[in-house]
Amino acid sequence: MTLKKCIWCLKSYPEITFNKRAHTIPKSLGGQNYNKNVCDNCNEYFGNRNSHNGKYSIEEALKETFIITRKRLLSSKQVIKRKVGRFKSKFFEVKVKNGKYSLTIKSSFRFEKGFQNELARAFKRGLYKVYLEELNRQKGMGQEEKYNIIRDFARYDIGDLPVFYFDRKIGAFIMFDRESETPFLFFDRMKYLIKSEKFDEIEFLGHVFGFPVTQFNQKDLEIYFKETKKLKTEFFRGFVKIEKLTDIDLTLSLMND
Ligand SMILES: [Zn+2]
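What counts, and where the lines are drawn
Residues numbered from 1 in each chain as written. Predicted model: local features only at pLDDT ≥ 70, side-chain atom pairs only at ≥ 80, totals over all residues. Heavy atoms only, no water. Helix = DSSP H or I, 4+ residues; strand = E, 2+ residues; numbered from the N terminus. Buried < 20%, exposed > 50% of the residue type's maximum accessible area, 1.4 Å probe, protein only. Areas by Shrake-Rupley, 256 points an atom, 1.4 Å probe, with all protein chains shown as cover. Donors = N, O, S within 2.8 Å, 3.2 Å for Na, K, Ca; no water. Tetrahedral: all angles 85-135°; square planar, octahedral: opposite > 155°, others 65-115°. Pairing = 2+ DSSP bridges.

Structural notes on the overall build of the protein chain
In terms of helices and strands, the protein chain carries 5 helices and 7 strands. When the elements of the protein chain are put in sequence order from the N terminus, they spell out α-α-β-β-α-α-β-β-β-β-α-β. The 257 residues of the protein chain split such that 51% are buried. When the accessible surface of the protein chain is split by element, carbon and sulfur atoms take 50% of a total near 13,300 Å².

Structure follows, in structure tokens:
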């Protein structure tokens, strides 16, 4: 029998424990799945403010970002009053009244570069956290050594990895009915998502992200750009490398009528 090993710190029981439920997608965003291969220490790490900058945790950065999108999506439907996860935002006030959606940005959210870069970094680490945990949960992968760059960045705050955000063309938007209630991370839902040895792409709450999953060089990056552009011409205008949180179309403005 193989020992149960944590996908983040790669340590095994009994050196570490697995007593708490580690939600892959935060519960407050409606996430319902958890990963059994995340130890208590690592689980705690992602929810702890001191793991990032003392102001907000990696999970909070993720929630802050997607809460807007999720509410936007929920407001566009005649949704059910049942509990779909709650989260009070630090930066935004999102109100949904009679199917109308309104967003107020609080003064704690700033547009200056330092603030935006820091938040974007926490968001990227959070995205990688969900990625590796869902890859492991859905496909049984993630413990391989090739993913060490993800562990370094997301779990140990070492280095930096580029995350690319794809800008949709209007109308190119499909979601399953229950998806805004219970968000799901898709690895290969649409043909426009690239799967390669060094880069992967995911779709979450209507947003498409691409990023490296292992060591890569400039040449690999160029090949990836070429391939991803080709595959996406029909549905996407282009992509940006996320440097600021505002690089992401959080409110899904293309849905505006
Ligand atoms: Zn661990």
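Moving on from the model shown.
Observations concerning the coordination of the zinc ion
For the zinc ion, the full set of protein donor atoms is Cys6 (SG), Cys9 (SG), Cys39 (SG) and Cys42 (SG), at a range of 2.3 Å. For the zinc ion, the 4 donor atoms in the first shell make angles of 104 to 114° at the metal, a pattern classed as tetrahedral. Between the donor residues of the zinc ion, the gaps in sequence give the motif C-x2-C-x29-C-x2-C. With relative accessibility at 1%, the residue Cys39 sits in the buried group.

Structural notes on the sheet that holds strand S6 (residues 207-212)
Across the sheet, which stays open at both edges, the 5 strands sit in the order S4-S5-S6-S3-S7 with antiparallel pairing between neighbours. Looking at which strands have only one partner, the edges of the open sheet turn out to be strand S4 (185-186) and strand S7 (236-241). Sheet analysis places strand S3 (residues 164-168) next to S7, joined by 5 bridges and oriented antiparallel. When the bridges of S7 are listed, Arg168 appears paired with Phe236.

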